[in-house]
Amino acid sequence: MLPPGPPPDGPRRGVSGVELARVRLRAPGRLGVDGADDWMGGARLIVVDPETGALRVADYAGEPEPGSLRPAEFAVEAVESLKGVNLGSWLIPEHDYAVVTNESLCEYTERVGAAKSSRVMEEHLSTFVTEADFDWMASHGVNTVRVPLGWWNVLHASELPDPGTSKAWTSFAPSPEVSMAAIGQALDWAADRRMSVLLDLHGGPGGQNGKDHSGCHGVAEWHEHSVNNSLLVISALMERFGDHDALWGVELLNEPGDLSTAPLEDEMRPMLLQYYEAAYAIIRSRRPDVAVVFCVLYWFDFWAWAGQLREPRYYNVVTDYHMYTAFDGFDGDSPDSMVEDAARAFGCRLMQHAYHHPAVVGEWALAVDRWGQKVKQGYVDAQLTSYNSSLGSYFWTYVMDGDAGESSREQP
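## Some points on the overall build of the protein chain
Working step 1: Looking only at helices and strands, one finds eight helices and twelve strands in the protein chain.
Working step 2: Expressed as a percentage of contacts within the protein chain between residues at least 6 apart in sequence, the contacts between residues at least 24 apart total 74%.
Working step 3: Taken as a whole, the protein chain presents about 17,900 Å² of accessible surface, with 51% of it coming from carbon and sulfur.

## Considering the packing of aromatic side chains
Working step 1: For the coordinates displayed, the defined rule picks out 15 aromatic pairs.
Working step 2: Between tryptophan 364 and phenylalanine 395 the ring centres are 5.0 Å apart and the planes differ by 80°, which places this aromatic pair in the edge-to-face class. Here tryptophan 364 is found in strand S11 (residues 359-364), whereas its partner phenylalanine 395 is found in strand S12 (residues 392-395), with 31 residues between them in sequence.
Working step 3: For tryptophan 364, a relative accessible area of 5% puts it in the buried group.
Working step 4: When its relative accessible area of 6% is taken as the criterion, phenylalanine 395 is described as buried.

## Here's the deal with the side chain of glutamate 221
Working step 1: Of note, glutamate 221 is situated in the loop between strand S7 (196-203) and helix H5 (228-241).
Working step 2: Of the side chains with opposite charge, lysine 167 comes closest to the buried, unpaired glutamate 221, at an N-O distance of 9.8 Å.
Working step 3: A polar atom in the side chain of glutamate 221 sits 2.7 Å from the side chain of tryptophan 169.
Working step 4: Residues within four places of glutamate 221 in sequence aside, it is in contact with Ser166, Trp169, Gly206 and Gly207.

## A short note on the sheet that holds S12
Working step 1: Taking strand neighbours around the barrel as the criterion, the eight strands line up as S5-S6-S7-S8-S9-S10-S11-S12 in a closed arrangement whose pairing is parallel. With direction set aside, neighbouring strand axes in the sheet form an average angle of 25°.
Working step 2: As paired strands, strand S10 (residues 317-323) and S11 are joined by five bridges and run parallel to one another. In the sheet register, methionine 323 faces S11, and the bridge partner there is tryptophan 364.

## Brief notes about H5
Working step 1: With 14 residues, H5 should reach 20 Å at 1.5 Å per residue; the first-to-last C-alpha distance of 20 Å fits that figure.
Working step 2: Against strand S6 (144-150), helix H4 (176-192), S7, strand S8 (247-251) and helix H6 (265-286) lie the buried residues of H5.

## Brief notes about the environment of phenylalanine 172
Working step 1: With respect to the helices, strands and loops of the structure, phenylalanine 172 is situated in the loop between S6 and H4.
Working step 2: For phenylalanine 172, a relative accessible area of 6% gives the class buried.
Working step 3: For the pair phenylalanine 172 and glutamate 110, spaced 62 residues apart in the sequence, the C-alpha separation amounts to 9.7 Å.
Working step 4: Excluding anything up to four places from it in sequence, phenylalanine 172 contacts Leu105, Cys106, Thr109, Trp152, Lys167 and Gly215.

## Observations regarding the confidence of the model for the protein chain
The predicted coordinates of low-pLDDT regions are not to be read in fine detail.
Working step 1: Residues of the protein chain with pLDDT of at least 70 account for 73%, and the chain-wide mean is 80.
Working step 2: Throughout residues 1-21 the model reports pLDDT below 50, and contacts reaching past four residues in sequence, or to other chains, amount to 52 contacts.
Working step 3: The low-confidence segment residues 27-44 (pLDDT under 50) makes 58 contacts with residues lying over four places distant or belonging to another chain.

## Remarks on the environment of isoleucine 234
Working step 1: With respect to the helices and strands, the residue isoleucine 234 is situated in helix H5.
Working step 2: Between the alpha carbons of isoleucine 234 and valine 250 there is a distance of 8.3 Å; along the sequence they are 16 residues apart.

## Some points on the nonpolar core
Working step 1: The biggest cluster of nonpolar side chains holds 92 residues, and the ones touching the most others in it are Trp90, Phe134 and Tyr275.
Working step 2: Of all the elements, H6 adds the most residues to this core, at nine residues.
Working step 3: With residues near it in sequence (within four places) discarded, tyrosine 275 still touches Leu201, Trp222, Val227, Ser230, Leu231, Ile234, Leu252 and Leu253.
Working step 4: Core analysis: the next-biggest nonpolar cluster, separate from the first, contains ten residues, Ala291, Val293, Val318 and Leu391 among them.

## Let's talk about unusual backbone geometry
Working step 1: Cis peptide bonds are those with omega within 30 degrees of zero, and the linkage from alanine 173 to proline 174 qualifies with -5°.
Working step 2: Within the secondary structure layout, proline 174 lies in the loop between S6 and H4.
Working step 3: The step from tryptophan 396 to threonine 397 runs through a cis peptide bond, and the omega angle for that step is 0°.
Working step 4: Inspection of the secondary structure puts threonine 397 in the segment after S12.
Working step 5: Phi at arginine 194 is positive, roughly 55°, even though this residue is not glycine.
Working step 6: Taking the relative accessible area as the measure of exposure, arginine 194 reaches 80% and is therefore exposed.
Working step 7: The phi angle at glutamate 255 is positive, at roughly 45°, despite the residue not being glycine.

## Quick look at the pairing of S11
Working step 1: The element S11 is largely enclosed, with a buried count of six among its six residues.
Working step 2: Two elements, S11 and S12, share two bridges in a ladder whose sense is parallel. Across the sheet, valine 361 pairs through a bridge with serine 393, a residue of S12.

## What to know about the pairing of S10
Consecutive residues of a regular strand have side chains that alternate between opposite faces of the sheet.
Working step 1: Of all the seven residues making up S10, seven are buried; the element is thus mostly covered by neighbouring parts of the structure.
Working step 2: Judged by which residues are buried, S10 turns out to be covered on both faces: Val317, Thr319, Tyr321 and Met323 on one side and Val318, Asp320 and His322 on the other are all buried.
Working step 3: Across four bridges, the pairing between strand S9 (residues 291-295) and S10 is parallel. Considered in S10, the bridge of phenylalanine 294 is made with threonine 319.

Criteria and thresholds
- Residues numbered from 1 in each chain as written.
- Predicted model: local features only at pLDDT ≥ 70, side-chain atom pairs only at ≥ 80, totals over all residues.
- Heavy atoms only, no water.
- Helix = DSSP H or I, 4+ residues; strand = E, 2+ residues; numbered from the N terminus.
- Contact = heavy atoms within 4.5 Å.
- Areas by Shrake-Rupley, 256 points an atom, 1.4 Å probe, with all protein chains shown as cover.
- Phe/Tyr/Trp six-rings, centres within 6.5 Å; stacked < 30°, edge-to-face > 60°.
- Buried < 20%, exposed > 50% of the residue type's maximum accessible area, 1.4 Å probe, protein only.
- Lys, Arg positive; Asp, Glu negative; His and termini not counted.
- Salt bridge = Lys/Arg side-chain N within 4 Å of Asp/Glu carboxyl O.
- Polar contact = N/O pair within 3.5 Å; in protein donor to acceptor, adjacent residues only side chain to side chain.
- Pairing = 2+ DSSP bridges.
- Axes fitted to C-alpha atoms, helices over the stretch in contact; angles between N-to-C directions.
- Expected span 1.5 Å × (residues − 1).
- pLDDT = per-residue confidence, 0-100.
- Core = buried A, V, L, I, M, F, W, Y, C linked by side-chain atoms within 4.5 Å.

Shown next as structure tokens:
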């Protein structure tokens, strides 16, 4: 877990033995926001020096800062690596995987009607992911799940304070009552197996990217209305699940700004920042230890967030990066060289940006696009190794219908 709140005044004692652990560090004398001691962002690898017994940062080989003579003292908190999967297409069907439908949920509802959509989605919700799946995940080393959900799983359309009028603002199935019960059940199953849960607002009110996985294909109106719509969703999630032991984090919005006809992420950024700051306050008012996660989709937008939502004013704020070899322009001379190029690039990006916020790879997959073949274990190993600078990763996705593609449950 990340630290449960603002760091203590002094270093934590009692560390013994030559063990490796991924930790958060705070270094006295390194000034951050408002002149306060700054956390050394991200999860850093720390070791106990076998000769002196002192704690040191494993990858630091430099000299002390000029004029600094004090010993290196750190507030230390161990961080368990996240080994996770997404429960994709459970609450939000996606056309790529032929789960329930090959349409977006709003198109499906428009075609078959609300009554049939409700019957089909409720049956899907109760059978697509079951307690037996959590047994399988726990027995295979999975210690966390990311749950993509839509605003309609949390609130009725009539509850939104500033709705639009397009079809993206109508209620979809399953109803909030059915959906929230299922989400609560997943949290309970996770807690029983000492697993954690990241709740991910995958479909924001009005649609934040116009993709089918935000609820309504071709419609992106999130940025045209008040952030109060989304803040009410976050409030409802925290009211219902904020005290749950299995809750590791809340992701505020998945992949904002991914439609050519909608504003790009940089055009949405002022509104996103306003929303993130307000949502952070809502979550912190309920829980000091839950990770507040925000997603940056494109690598060229990463640096724009380096100075935002920083410690010590904002703590336990994590950036979600999605690492898809198939979609990121890698074009090697062979499958092996492309995998090497992708792993090297992903690892470098995470190392560059883990210093300002802890990083998590919220989505990655086995698809390699150009070569159109099943990847080998070396690909998986290379990807996971490239994520070493992050808190961990969530594979996309746990299970799919039929022969739609790869899933965690089908892997050896």
